[in-house]
Amino acid sequence: GIAVLGSTNMDLVAYVARAPGRGETVTGREFRTIPGGKGANQAVAAARAGAEVVMIGAVGDDAYGVTLRAGLEHSGVRTDLLRTAQGPSGTAHIVVDDEGGNAIVVIPGANATMTTLGPGETAAIAAADLLLLQLELPLPAVVEGAQAARAQGVRTILTPSPVQLLPDELLDCVGVLVPNEHEAAALTGVGDPRAAAAVLLRHVPEVVITLGARGCLYAGRGGEPVLFPAPEVTAVDTTGAGDTFVGTLAVALGEGRPVPEALAWASSAAALCVQRPGASTSMPYRGEIDAV
Ligand code: ADP
């Protein structure tokens, strides 16, 4: 199975013609609450794609926590190790304007309480085939999870988002690093994805740089980087595309499928996600991915 150690947030989204300035009040058009957080989104993508998935993280003891847990379970994610921390769940306060621009405030809430792992959480990581990590939990817990995985030979996939300096103790445990092209540039100071991949390969054995509608670039040690083009589709909402890509890539790699096949499958899944509005709600199920 797949273990995900990561964030769970409720996205509170206000849709408005024009975002208000300081001291200003505007009347918006619509409000939606959408389950999110990179960790939870990757867990949903992997579970819908057919894997057994356990979510490790924390929701708050508020109503959002109840809804977030139920949403994960609805997609088939195991939540018995998802903590309920005292205080509010993580929230993202998002204003989307008519030009599709957004402004976002993230309050980590319960996610910030995940500073160390307990024995049950460490055991679940050790028992998994694959561990998915992002950077929306406190770094010490991410490092602890990565080290628990390495100690048992569990392959780890890290999404370096929100992008930050990666300590060697974390990189030493990572099998596959999956930045988007902005994150790859920020991590390396190198804009060209091929050159950035070469820099990243000094630290991790495999790198996949996602390039939006252009697809992704795969680089492993001992071979030239290979570009995998994305299917040509009409995108209506690219939110959650990256998380769908990583979650489904993990499923395919966990099943022992060869890298090119796994990347093609993940690209199909992400392309399905961008053709529908929403993030976790627009993630495809296994049958839909196989049908492409
Ligand atoms: P993120 O959403 O994390 O910034 P990307 O924008 O690179 O990441 O998208 C992740 C993956 O989603 C891409 O590698 C690609 O497979 C898929 N994807 C994103 N946008 C599109 C699109 N417009 N058409 C087809 N696939 C897309």
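Quick caveat, the model's predicted, so the values are computed rather than measured.

K.L.:
Please explain the UniProt feature "binding site: ATP" (unreviewed entry) in the protein as it appears in this structure.
P.N.:
UniProt records the feature "binding site: ATP" (unreviewed entry) for Asn180, Thr210, Leu211, Gly212, Ala213, Arg214, Gly215, Gly242 and Asp243 in the present numbering. By secondary structure assignment, the location of Gly212 is in the loop between strand S12 (206-210) and strand S13 (216-220). Taking the number of C-beta atoms within 10 Å as the measure of exposure, Gly212 has 16 and is therefore partly exposed. One can find Asp243 in helix H8 (residues 241-254). The buried category is assigned to Asp243, around which 30 C-beta atoms lie within 10 Å. In this structure Asp243 touches Lys38, Asn41, Gln42 and Ala45, once residues within four positions along its chain are discounted.

K.L.:
Which parts of the structure should I look at to understand the packing of helix H6 (residues 181-188) against helix H7 (residues 193-200)?
P.N.:
The angle between the axes and the distance between the axes are what describe a pair of packed helices. Relative orientation of the contacting elements H6 and H7 amounts to 55°, with a least axis distance of 9 Å. Classified by the angle between their axes, H6 and H7 sit oblique to one another. Crossing of H6 against H7: the hand is left-handed. Residues Glu181, Ala184, Ala185, Leu187 and Thr188 of H6 lie in contact with H7, whose contacting residues are Pro193, Ala196, Val199 and Leu200.

K.L.:
What am I meant to see in the sheet that holds strand S3 (residues 30-36) here?
P.N.:
The pairing of strands in a sheet happens through backbone hydrogen bonds and is either parallel or antiparallel. Here four strands make up an open sheet; going across it, the order is S3-S2-S7-S8 and the pairing mixed. For this open sheet the edge positions go to S3 and strand S8 (102-107), each flanked by a neighbour on one side alone. Between one strand axis and the next, the sheet turns by 15° as a mean value, whatever way the strands run.

K.L.:
Mind showing me how you'd approach the confidence of the model for the protein here?
P.N.:
Regions with low pLDDT carry predicted coordinates that are not meant to be interpreted in detail. On average, residues of the protein score 96 in pLDDT, and 100% of them reach the 70 mark or higher. Model confidence for the complex is summarised by a pTM of 0.96, with the ipTM given as 0.98.

K.L.:
I would appreciate a short explanation of the site of the ligand in the present structure.
P.N.:
Taken together, the neighbourhood of the ligand is formed by 19 residues, with Thr210, Ala213, Ala241, Gly242 and Ala270 sitting nearest. Mapped by element, the contributors of at least two residues to the shell around the ligand are H8 and helix H9 (259-274). In the shell around the ligand, the residues fall into twelve nonpolar, seven polar and no charged.

K.L.:
Looking at this structure, how should I read the pairing of strand S2 (residues 9-15)?
P.N.:
Remark: a regular strand shows side chains that alternate across the two faces of the sheet. Two elements, S2 and S3, share seven bridges in a ladder whose sense is antiparallel. Bridging across to S3, Tyr15 finds its partner in Glu30.

K.L.:
So what exactly am I meant to see when it comes to helix H4 (residues 139-151) here?
P.N.:
Residues spaced three or four apart along an α-helix face the same direction, because each turn holds 3.6 residues. A rise of 1.5 Å per residue sets the reference length of H4, with its 13 residues, at 18 Å; its end C-alpha atoms lie 18 Å apart and thus fit the reference within 8%. Among the residues of H4, Ala141, Val142, Glu144, Gly145, Ala146, Ala148 and Ala149 are the ones counted as buried. Looking at the buried residues of H4, the elements they touch are strand S1 (2-5), helix H3 (119-127), strand S9 (130-133), strand S10 (155-158) and helix H5 (168-171). At the exit of H4 stands Gly153, carrying a positive phi of roughly 70°.

K.L.:
Looking at this model, I keep getting lost on unusual backbone geometry. Mind explaining?
P.N.:
Peptide bonds are trans in most cases, and residues, glycine excluded, mostly fall at negative phi. With an omega dihedral of -5°, the bond running from Ser161 to Pro162 counts as a cis peptide bond. Note that Pro162 resides in the loop between S10 and H5.

K.L.:
Explain H3 to me, please; I cannot follow it from the model alone.
P.N.:
Every buried residue belonging to H3 is among Glu121, Ala124 and Ile125, and all of these are buried. Seen along its axis, H3 keeps its buried residues to an arc of 100°; they face one direction. What points out from H3, more than 90 degrees from its buried face, is the exposed set Pro119, Gly120 and Ala127.

K.L.:
What is the right way to look at the packing of H8 against H9 in this model?
P.N.:
Close contact between H8 and H9 brings their axes to 8 Å; oriented N to C, the two are set at 145°. Considering only the axes of H8 and H9, their crossing is right-handed. Contacts between H8 and H9 pair Ala241, Thr244, Phe245, Thr248, Leu249, Ala252 and Leu253 from the former with Glu261, Ala262, Leu263, Trp265, Ala266, Ala269, Ala270, Cys273 and Val274 from the latter. Tallied by class, the residues present in the contact of H8 with H9 amount to 13 nonpolar, two polar and one charged.

K.L.:
Can you help me understand the UniProt feature "binding site: substrate" (unreviewed entry) in the protein in this one?
P.N.:
Using the residue numbers shown here, the UniProt feature "binding site: substrate" (unreviewed entry) corresponds to Asn9, Met10, Asp11, Gly37, Lys38, Gly39, Ala40, Asn41, Glu136 and Asp243. Mapped onto the elements of the fold, Ala40 is located in helix H1 (residues 38-48). Setting aside residues no more than four positions away along its own chain, Ala40 makes contact with Ser7, Thr8, Pro35, Met55, Leu68, Leu72 and Ser280. Its place among the elements puts Asn41 in helix H1. When the 28 C-beta atoms within 10 Å are taken as the criterion, Asn41 is described as buried.

K.L.:
Which parts of the structure should I look at to understand the environment of Thr27?
P.N.:
Assignment of secondary structure puts Thr27 in the loop between S2 and S3. With 226 residues separating them along the chain, Thr27 and Leu253 place their C-alpha atoms 47 Å apart.

Each value, and the rule that gives it
- Residues numbered from 1 in each chain as written.
- Predicted model: local features only at pLDDT ≥ 70, side-chain atom pairs only at ≥ 80, totals over all residues.
- UniProt positions renumbered as here; feature names shortened; annotations may be inferred.
- Helix = DSSP H or I, 4+ residues; strand = E, 2+ residues; numbered from the N terminus.
- Buried ≥ 20, exposed ≤ 12 C-beta atoms within 10 Å, placed from the backbone.
- Contact = placed C-beta atoms within 7 Å.
- Axes fitted to C-alpha atoms, helices over the stretch in contact; angles between N-to-C directions.
- Parallel < 35°, antiparallel > 145°, perpendicular 65-115°, else oblique.
- Left-handed = near helix turned anticlockwise from the far one by under 90°.
- Pairing = 2+ DSSP bridges.
- pLDDT = per-residue confidence, 0-100.
- Near = placed C-beta within 6 Å.
- Nonpolar A, V, L, I, M, F, W, Y, C, P; charged D, E, K, R; others polar.
- Expected span 1.5 Å × (residues − 1).
- Arc of directions from axis to C-beta.

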